[in-house]
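Spelled out, the chains give:
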Amino acid sequence: MSEEWTRTTCPYCGVGCGVLARPRGDGGAEIKGDPEHPANFGRLCAKGSALGETLSRDGRLLRPMVDGAETDWDAALDRVARRFAETIAAHGPDSVAFYGSGQLLIEDYYVANKLMKGFIGTANIDTNSRLCMASSVAGHRRAFGSDTVPGSYRDLEEADLVVLAGSNLAWCHPVLFQRLLAARETRGTTIVAIDPRATATTAAADLHLAIAPGADVALFSGLLAHLAETGGVDLRFIAAHTVGFEPALAEARAFDLAAAARTTELAPEALTAFYDLFARTERVVTVYSQGVNQSSAGTDKVNAILNCHLATGRIGRPGMGPFSVTGQPNAMGGREVGGLANMLAAHMDIDNPEHRGIVQAFWGSPTIAAKPGLKAVDLFRAVEDGRVKALWIMATNPVDSMPEANRVREAIRNCPFVVVSDVCATDTTALADVLLPSAAWGEKDGTVTNSERRMSRQRAFLAPPGEALPDWRQVAEVAARLGFGDAFAHRSPAGILGEYARLTATRNGGRRDLDLGALAGISDAEYDALTPFQWPRRAGEAPAETRFFANGGFYHADRKARFVSTPFRVPAARTSVGFPFILNTGRIRDQWHTMTRTAKTPRLTGHIGEPFVEIHPADAEALGVKPADLAEIESAHGRAILRVVVTERQRPGSLFAPMHWTDQFASQGRIDAVTSSAVDPVSGQPELKITAVSAKRFQAAWYAFAVSRAPFETDGADYFARAPARGGWRAELAGLEEPADWTAFARKALALGEAIEIVAYHDAAAGQRRFVAFAAATFAGAFFVAREPVAAARAWLGERLGERIATEERLRLLAGRPGADVRDRGATVCACFDVGRNEILEAAAQGCATVAAVGARLEAGTNCGSCRGEIARLVGAEANAPRPGGGLRKAL
Ligand SMILES: Nc1nc2c(c(=O)[nH]1)N[C@H]1C(S)=C(S)[C@@H](COP(=O)(O)OP(=O)(O)OC[C@H]3O[C@@H](n4cnc5c(=O)[nH]c(N)nc54)[C@H](O)[C@@H]3O)O[C@H]1N2
Ligand SMILES: Nc1nc2c(c(=O)[nH]1)N[C@H]1C(S)=C(S)[C@@H](COP(=O)(O)OP(=O)(O)OC[C@H]3O[C@@H](n4cnc5c(=O)[nH]c(N)nc54)[C@H](O)[C@@H]3O)O[C@H]1N2
Ligand code: SF4
Ligand SMILES: [Mo]
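- As annotated in an unreviewed UniProt entry, the chain is Assimilatory nitrate reductase (NADH) alpha subunit apoprotein from Roseiarcus fermentans.
- Of the comments in the UniProt record for the chain, the one headed Sequence similarities (unreviewed entry) reads "Belongs to the prokaryotic molybdopterin-containing oxidoreductase family. NasA/NapA/NarB subfamily."

So, in structure tokens, the structure goes:
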């Protein structure tokens, strides 16, 4: 591989930042932001910056496996093809299914979709985007006639008001959020955040509307009614470019101010402030994400937002428009190629006979799926009840990320034939009959589309380990074995993209939004040199900034947009005496989904290293739980045990837990064992933000904190959570009963083998036990037990692992605390510069009173900026310095 920098794209969020990567020779890589990429202009967030530390080969799948035994590719692929062919022959094409991911590249996705819909002849191909973007897709298609995101990132910088609805942009799209904050410094942009709980995003907003869970339709219906009432609508745009305004408005009028305030549980003054601001500000961008999409009214929430932008004609012009931000690096690309069960390909509709004709003729395929296939939740139900008998899962981990995940796990376990393509071992790969090792980020070539319709190259800069192969090749090989070799004869990703681009342009002539004609038949050399561009890019067109709909031109047959009536529906989940809380779930700053990559480096586990549940102080008191206790959260579907965080950021009656933890990292941290699979009736997207649950204290008899050079043996603890530490691993443990022999228990848990020396300390009165393990005079592990959650200098202990320890220092380790001259850095706050909580508190004590002052002294907060809110809290300063136009929060 070349020792030069390779230009590629970050594999995490949908911002789609450009990355420069250079192999380091030890398997890792140097990483920096690509200054020329128009998504990030050189910036990266903590996850992107840490990419080079997550490339290790630990846990990587290296060889194909059939029935748990290693084999060669031919045997594995033959088995997949034979079992799919037999199942189809016996039970028809709808008895097989494919479950993909917004983390597949366009080329992978395109061939999988082509095989299923055009050659096997079933639309049973769905993706984790069903859990993510499906409501936005459905809302866009209802309003615009196509799944079009009209604007660009630049619009967030050119807006005077940015509304963030159900989006924790600060943590989930950090570089885009930093672009917004930087623009606000000069422009004085007002930011309104709509979220039931307080987050790093709401902390930076001028106005936080802590809406009742699920009430967004009422909020935006009230806005539409208010706009009509106060003359805030654009009658010319409505007349020229839309249909259905009057009925939608009539429906929205159910939400006068009083009704909107009642349903949203917001003060009328706060609502009026927002409504007036929206009415009087021409340049408004409304960004929406999972608080909107992951709802049993998700599609209506999207249309309620779109209605307000259509009514004001604020769409597709600089600084104006609705903006659905995508989650995964290629969530948008997956929608484009047809990865959803209800789409065909290249933004053509499965229900449209003309579109089916175009696609079938283009593919020269024997068949074409004629009706939509099963959407994710239904797809796994069909696996459960035996309608689907052969399933291929690629680049997603449904055992941890699907709602009612225990049920999904059983369905997969009982499915007669399961293929999983992944890069590493997961809770899902454990259930595979055939396990296929995929080439990972950095090892494969392809393209992705980000949230602003910008396509960028991912480029290989490392050789794949073992026999790992790119996903598209696995699909093409199986297709060939099913007898479709001619249609899947692609020899390179460029060939696939070139074919796909030709399809987008076929019989298009401006009738479809997605047109990549300029890339039709792209050569390998052109593909290598491809620079990021926004679609559409028709034949002969050079890259240009593109927007849609400023002058109408929607994609319904009459080229007009539709207002959609959105009657308010309450969420599917009802609290009851047995399940009195609403459980909300989502993301944390430094972890990506099921943690298969971001949990490989202590830089990213140092911020939050354990699954937790946020509880309002009043609820905590009523439940008798204290900070750092453990709580059991239970729904009708399953149970989780999580560390308690008591905080006023949470609404009373609501809980929040992260989606990330799996059986690999915690005993019972899989929150999707608990969540409900109630879905939106239009999009089929599950309501992952609202599940009725109970909460109670986990009655631990003992708690332990441990560090070890080894990854721990956790059998015997009723609770554990582990994470990498700087010199090894750290773990939190707890149990309902004390083990008979603590020394033996600690020894086994530390998993260091016999050749260690253990120094022990027991304070019977305080109920404390401490064990410190040394291997050849180096610090190898520690195990601290107490009746209460353990107090110890966690970060300091983790950092000392592997160090040679002088005899007189051993006592310090046994005390679990550094001496007065050394400090425990505390949990990581700034992951970019690796700065801990205690370092920031010390800087504050020495007079750093602002985020800028802390940045000047420690560098903390000066790169990606996503920790700035937290730093502000620690130094007791406002999240952002005063700026023009920022007086709204004070005014309220
Ligand atoms: N660090 C990190 N970043 C990520 C990811 C990650 O795993 N880690 N994943 C990526 C992916 S795939 C996605 S889809 C995006 C998701 O990005 P976001 O949608 O921003 O993230 P979430 O935390 O899922 O949810 C956003 C917010 O919705 C709020 N919410 C819950 N219920 C409601 C409601 O009824 N109304 C409103 N208005 N808000 C509500 C939640 O409290 C939460 O703060 O993030 C992407 N970026
Ligand atoms: N409770 C709750 N649940 C949620 C959500 C929520 O907000 N709350 N959010 C939902 C959303 S929006 C999403 S997007 C999903 C995400 O859920 P998943 O898609 O299940 O999460 P990931 O951990 O990203 O899984 C990706 C898998 O692909 C593997 N992988 C990485 N690169 C490659 C590759 O190149 N090829 C192959 N074959 N495999 C690869 C990784 O090792 C990993 O196992 O979770 C959903 N689930
Ligand atoms: S914001 Fe962070 S995670 Fe998202 S693409 Fe950019 S560097 Fe990657
Ligand atoms: Mo997502």
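Things to note about the overall build of the chain
Next up, step 1: Per the secondary structure count, the chain includes 32 helices and 36 strands.
Next up, step 2: Taken over C-alpha atoms, the radius of gyration comes to 27 Å for the chain, in line with the 29 Å a tight globule of 892 residues would show.
Next up, step 3: When the backbone C-alpha atoms are referred to their principal axes, the chain occupies close to 80 × 70 × 55 Å.
Next up, step 4: Within the chain, the proportion of its 892 residues that are buried is 63%.
Next up, step 5: When contacts within the chain are restricted to residue pairs at least 6 apart in sequence, those whose partners lie at least 24 apart make up 71%.

A look at the sheet that holds strand 10 (residues 207-209)
Next up, step 1: The strand order across the open sheet formed by 5 strands is 10-9-8-12-13, and the pairing between neighbours is parallel. Taken across any chain shown, the strands that pair with only one partner, and hence form the sheet edges, are strand 10 and strand 13 (321-324). Within this sheet the neighbouring strands show an average axis-to-axis angle of 15°, counted without direction.
Next up, step 2: Strand direction decides the pairing type here: strand 8 (residues 161-165) and strand 9 (residues 190-194), joined by 5 bridges, are parallel. Directly across from Val 163, in strand 9, lies its bridge partner Val 192.
Next up, step 3: Sheet strands touched by helix 9 (residues 216-229): strand 8, strand 9, strand 10 and strand 12 (284-288). Its angle to strand 9, the strand with the most contacts, is close to 140°.

With respect to the domain arrangement of the chain
Next up, step 1: Each assigned domain of the chain is listed here: domain 1 (6-54), domain 2 (65-132 + 330-534), domain 3 (150-324), domain 4 (573-697), domain 5 (702-815) and domain 6 (828-891).
Next up, step 2: Here domain 3 and domain 6 have C-alpha centroids that lie 28 Å from each other.

Re the nonpolar core
Next up, step 1: Counting 116 residues, the largest nonpolar core has Ile 194, Leu 219, Phe 220, Phe 274 and Trp 392 as the members making the most contacts within it.
Next up, step 2: The leading source of residues in this core is helix 3 (residues 106-120), at 9 residues.
Next up, step 3: Both domains that meet at this core, namely domain 2 (65-132 + 330-534) and domain 3 (150-324), each give it at least three residues.
Next up, step 4: Each residue touching Phe 220, except ones within four places of it in the same chain, is listed here: Ala 165, Ile 194, Phe 274, Thr 286, Ala 304, Ile 305 and Cys 308.
Next up, step 5: Ranked by size, the runner-up nonpolar core spans 115 residues in total, among them Phe 656, Ala 734, Cys 848 and Leu 874.

Things to note about the packing of aromatic side chains
Next up, step 1: Going through the model one piece at a time under the given rule, you end up with 29 aromatic pairs.
Next up, step 2: Three or more aromatic residues link up through ring pairs in this structure, and these residues are Phe 144, Trp 535, Phe 548, Phe 549, Phe 554 and Tyr 555.
Next up, step 3: Here Arg 197 stacks its cationic end above the ring of Phe 656, 3.5 Å away from the centre of that ring.

So, the sheet that holds strand 34 (residues 778-786)
Next up, step 1: As summarised here, the arrangement of the 6 strands in space is 30-31-29-34-33-32, forming an open sheet in which the pairing is antiparallel. Strands with a single pairing partner mark the edges of an open sheet, and in this sheet they are strand 30 (719-725) and strand 32 (757-763). Pairwise comparison of adjacent strand axes, ignoring direction, gives a mean angle of 10° for this sheet.
Next up, step 2: Against the sheet, helix 26 (residues 742-750) touches strand 29 (702-708), strand 32, strand 33 (768-775) and strand 34, its axis set at about 130° to strand 34.

Description of the site of ligand 1
Next up, step 1: Near ligand 1 you find 33 residues, and of these Asp 195, Gly 214, Ser 289, Arg 587 and Gln 591 are the closest.
Next up, step 2: Arg 589 places a polar main-chain atom, nitrogen or oxygen, 2.9 Å from a nitrogen atom of ligand 1.
Next up, step 3: Within the backbone of His 593, an N or O atom sits 3.0 Å from an oxygen atom of ligand 1.
Next up, step 4: Out of a free accessible area of 910 Å², ligand 1 has 99% covered by protein chains.
Next up, step 5: Broken down by secondary-structure element, the contributors of at least two residues to the shell around ligand 1 are helix 6 (169-172), helix 14 (290-293) and strand 23 (581-586).
Next up, step 6: Its residues placed into classes, the shell around ligand 1 shows 9 nonpolar, 16 polar and 8 charged.
Next up, step 7: Structurally, the shell around ligand 1 is a two-domain feature, drawing no fewer than three residues from each of domain 3 (150-324) and domain 4 (573-697).

Brief notes about unusual backbone geometry
Next up, step 1: Cis peptide bonds are those with omega within 30 degrees of zero, and the linkage from Trp 535 to Pro 536 qualifies with 0°.
Next up, step 2: Of note in the backbone geometry, Arg 507 takes a positive phi value of approximately 45° without being a glycine.
Next up, step 3: For Arg 507, the position within the fold is in the loop between helix 22 (493-505) and helix 23 (524-529).
Next up, step 4: Even without being a glycine, Arg 559 presents a positive backbone phi close to 60°.

A word on helix 22
Next up, step 1: Taking 1.5 Å as the rise per residue, helix 22 with 13 residues should run 18 Å; its terminal C-alpha atoms sit 19 Å apart, in good agreement.
Next up, step 2: Inspection of helix 22 places Pro 493, Ala 494, Ile 496, Leu 497, Gly 498, Glu 499, Tyr 500, Ala 501, Leu 503 and Thr 504 among the buried residues, and these make up the whole buried set.
Next up, step 3: Where helix 22 ends, the next residue or the one after it, Arg 507, has phi of about 45°, a positive value.

Considering the packing of helix 2 (residues 73-91) against helix 21 (residues 471-484)
Next up, step 1: Running from amino to carboxyl end, helix 2 crosses helix 21 at an angle of 60°, the nearest separation of the two axes being 9 Å. Judged by the angle between their axes, helix 2 and helix 21 are oblique. Every pair of crossing elements has a handedness; the one defined by helix 2 and helix 21 is right-handed. Here helix 2 contributes Trp 73, Asp 74, Leu 77, Asp 78, Val 80, Ala 81 and Ala 85 to the contact with helix 21, which in turn contributes Gln 474, Glu 477, Val 478, Arg 481 and Leu 482.

Criteria and thresholds
Every chain's residues receive numbers from 1 upward, in the order its sequence appears when written. Note on labels: chains are lettered from A, ligands numbered from 1, in written order. Reporting of local features is limited, given that this is a predicted model, to residues whose pLDDT is at least 70; pairs of side-chain atoms are given and counted only at 80 or more, and all residues count toward the totals for whole chains, interfaces and linings. Calculation of side-chain values draws on the structure's entire complement of heavy atoms; hydrogens and water are dropped beforehand. UniProt positions are given in the numbering used here, feature names are shortened, and annotations may be inferred rather than shown by experiment. Helix and strand definitions here come from DSSP, where helices need a minimum of 4 consecutive H or I residues and strands a minimum of 2 consecutive E residues; each element is numbered from the N-terminal end. Within these notes, the globule rule equals 2.2 Å times the number of residues to the 0.38 power, and the radius of gyration is based on C-alpha atoms. Relative accessible area decides the class of each residue, using a 1.4 Å probe on protein chains only: under 20% of the type maximum gives buried, over 50% gives exposed, and in between gives partly exposed. Two residues qualify as a contact provided that any one of their heavy atoms is within 4.5 Å of a heavy atom in the partner residue. Two strands pair if DSSP finds at least two bridges between them. Think of each axis as a best-fit line through the C-alpha atoms, taken over the contacting stretch in the case of a helix, with angles from 0 to 180 degrees between the N-to-C directions. Domain borders in the structure are assigned automatically or taken from a domain database. To define a nonpolar core, start from buried Ala, Val, Leu, Ile, Met, Phe, Trp, Tyr and Cys residues and group those joined through side-chain atoms within 4.5 Å. Two rings belonging to Phe, Tyr or Trp (six-membered ring only in the last case) form a pair when the distance between their centres is within 6.5 Å. Interplanar angles under 30 degrees mark stacking, angles over 60 mark edge-to-face geometry, and anything in between is tilted. A ring has a charge above it when a Lys NZ or an Arg CZ is no more than 6 Å from the ring centre and no more than 35 degrees off the ring normal. Any residue with a non-hydrogen atom lying within 4 Å of a molecule or strand is treated as near it. Nitrogen and oxygen atoms within 3.5 Å of one another constitute a polar contact, given that in protein one can donate a hydrogen and the other can accept it, and given that sequence-neighbouring residues count only through two side-chain atoms. Exposure was quantified through the Shrake-Rupley algorithm and a 1.4 Å probe, taking into account, for residues, occlusion by the shown protein chains and nothing else. Residue polarity follows a fixed list, in which Ala, Val, Leu, Ile, Met, Phe, Trp, Tyr, Cys and Pro are nonpolar, Asp, Glu, Lys and Arg are charged, and the others, Gly among them, are polar. Here the expected length of a helix is defined as 1.5 Å per residue gap, with one fewer gap than residues. Here roughly perpendicular refers to angles of 65 to 115 degrees, roughly parallel to angles under 35, roughly antiparallel to angles over 145, and oblique to all remaining angles. Note: crossing handedness is left-handed where the near helix turns anticlockwise from the far helix by less than a right angle, and right-handed where it turns clockwise.

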